[in-house]
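Coordinates in review
Given next are the chains, with one letter for each unit.
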Amino acid sequence: MRNFNLAQETCQLAIRDVGCLEVLINLLDTEEIKCQIGSLKILKEISQNTVIRHAIADLGGLELMVKVLDSPDKDLKCLAAETIANVARFKRARRTVRQHGGIKRLVGLLECNSVGSASLSPYQANDTELARCGALALWSCSKSTKNKEAIRKAGGIPLLARWLRCSHTNILTPVVGTLQECASEPSYRLAIRTEGMIENLVKNLSSEHEELQMHCASAIFKCAEDKGTRDLVRQHGGLQPLSVLLGNSENKHLLAAVTGAIWKCAVSRENVSKFREYKVIEALVGLLTEQPEEVLVNIVGALGECCQEPVNRSLIRKCGGIPHLVKFLSRTDQALLVNVTKAVGACATEPENMMIIDHLDGVRLLWSLLKNPNPDVQANAAWAICPCIENTKDAGEMVRSFVGGLELIVNLLKSENEEVLASVCAAITNIAKDEENLAVITDHGVVPLLSKLVNTNNDKLRLHLAEAISHCCMWGNNRVTFGDAKAVAPLVQYLKSSDPLVHRATAQALYQLSKDPNNCITMYDNGVMKLLPPIVGSTDETLQEAAAGCIGNIRRLVLAKEKAKYG
């Protein structure tokens, strides 16, 4: 049978159709090692075919292969592990391997004394090959969450860490492949950081093998969610090789992994400074055309993080990046929209950038994204709208020009997502600075909707909600309406927050509300006079003035009452 071209699909399917597959699998259940080896050599080749993989699983082949892993014969175990690696590419097969004790046996294949040896004896080479085959099988199995946990419980992490220190690419690739699959789990990310694996991942970014580079970058991409890992990547010199790999734009899988790693590493300010030094921003902007969506998501995410530094916001403009970013606002990929709204919002904090965004109708595109069903897109679009309003001349007129725009943003106060609510409150704060727009959003019922949100413990929402209430008090009878809607008493409790920014926004809101006598009474009854006096001693002048103003209004009301009562 092995004289046939087993890589050819017609031969693979012919073996199944004439009933040979059952015979080959039955041979695995014999005690004859030569028969088992012969069978596995054929099964290993033909299991590259999806149809054959499913057929092997249906015929109970995986259970027998797992059993073969207990054999003392190393060649036999290698073949069994490699065949498992091929077959376990679909969910049911991975589950079968786990349920029949395969994960523990495969992890056992990684136990070897030849790790790190530059030159190997024949015995050590055999051990290394066994570990390679075990790692290949674990790599396939690790695509299942339960298998990741099973690998960890079987002691796989320290063994993978040991093999990561070796210099043989043929075993490094499946080892890093397994690690990057497992790095989606917090327990693995912690282990990768604490067991010193980041240094080796960084080292292999400079490998000559693109597949290994890709898996190392992908592992860093997933692990760099954690600040400690981002710092280690920088400390071990990983930012420069990542920057260099941006030059290999032909390999899209590698580019996706590298741009993802750069994106996550750029969350730390220290790393952003290094990336600027390595000309990463210019390289990323240069890659904004004709890329797969997966790559664009990562590039735009990285640019959004790099915009933390004002100099980079200008750099993106000078490199011609803003028109590309604005164009992406009309795309449909949700992950891309989440990132591009954040990036455009960050760029909009610079007036020169804002002129380009406005000229390209970027604000209208952001506003239209408030209709997007994804709450992350809604929230980032609302956050981005804030600097757009702040940095546009005639912002009030611009906002009014969006037909139905004000009603749309007010209605988002009915969202159940706290990030959406916080961002919309921030946008309303900016909108309400224009008297005409404040009148319109009042007509759309902004006051009762804001009032319904006051019983929250989320400090981010409290901050922006208090600011929105403060600005909305500036129109008509809105102060009175807030009082009637029972919004005042819960606001007083915000002064107990540990966040000084919440104190400032709350004091300003209470000051505005205290211009209505009934609100003063509510504040007094809810203990505001115990909470405000200590705040008056704050070093924050805005907070001082608002707190003092509120106290003054309450005291004047008390004096007026006493004067009326006693003459």
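I will try to describe carefully the structure that is included in this document. Every chain's residues receive numbers from 1 upward, in the order its sequence appears when written. Local features in this predicted model are restricted to residues of pLDDT 70 or higher, and side-chain atom pairs are both shown and tallied only at a pLDDT of 80 or more, whereas totals for entire chains, interfaces and linings draw on every residue. With hydrogens and water excluded, all non-hydrogen atoms of the structure serve as input to the side-chain values.

1. Considering the overall build of the chain
How we decide: Put simply, DSSP marks the helices as runs of H or I at least four residues long and the strands as runs of E at least two long, and each gets a number from the N terminus on. The atom set for the radius of gyration is the C-alpha atoms, and the globule formula is 2.2 Å times the number of residues raised to the power 0.38. Partly exposed describes any residue whose relative accessible area lies between the buried limit of under 20% and the exposed limit of over 50%, with all areas from a 1.4 Å probe on protein chains only and scaled to the type maximum. Positive residues here are Lys and Arg, negative ones are Asp and Glu, while His and the chain termini are left out of the count. Note on charges: their place is set at NZ of Lys, CZ of Arg, CG of Asp or CD of Glu.
What the chain contains, in helices and strands, is 39 helices and zero strands. A globule of 567 residues ought to have a C-alpha radius of gyration of about 24 Å, yet the chain, at 32 Å, is considerably larger. Out of the 567 residues belonging to the chain, those deemed buried represent 55%. Positive and negative charge centroids in the chain, built from 64 and 63 side chains respectively, lie 4 Å apart.

2. So, helix H15 (residues 210-223)
What counts here: What a helix should span is 1.5 Å times the count of its residues minus one.
Here H15 spans 20 Å end to end across 14 residues, near enough to the 20 Å set by a 1.5 Å rise per residue. Most of H15 is tucked away, with ten of its 14 residues classed as buried. All buried positions along H15 are accounted for by Leu 212, Gln 213, Met 214, His 215, Cys 216, Ala 217, Ser 218, Ala 219, Ile 220 and Cys 223.

3. Side note on the packing of aromatic side chains
Put simply, the test is: Each aromatic pair joins two rings of Phe, Tyr and Trp (for Trp, the six-membered one) with centres within 6.5 Å, and gets the label stacked for planes under 30 degrees apart, edge-to-face for over 60, and tilted for any other angle. We call a charge positioned over a ring when the NZ of a Lys or the CZ of an Arg lies within 6 Å of the ring centre and within 35 degrees of the ring normal.
In total, this model carries two aromatic pairs according to the counting rule given. Residues Phe 221 and Trp 263 carry aromatic rings whose centres are separated by 6.2 Å and whose planes lie at 45° to one another, so their mutual orientation is tilted. In this pair, Phe 221 sits in helix H15 while Trp 263 sits in helix H18 (residues 252-265), placing the two residues 42 residues apart along the sequence. For Trp 263, a relative accessible area of 14% corresponds to the buried category. Ring geometry for Trp 367 and Phe 402: centres 5.2 Å apart, planes at 45°, overall tilted. Here Phe 402 lies in the loop between helix H28 (395-400) and helix H29 (405-411) and Trp 367 lies in helix H26 (residues 362-368), a separation of 35 residues in the sequence. In this pair, the class of Trp 367 matches that of Phe 402, namely buried. Taking NZ or CZ as reference, Lys 264 lies 3.9 Å from the ring centre of Trp 263, over its face.

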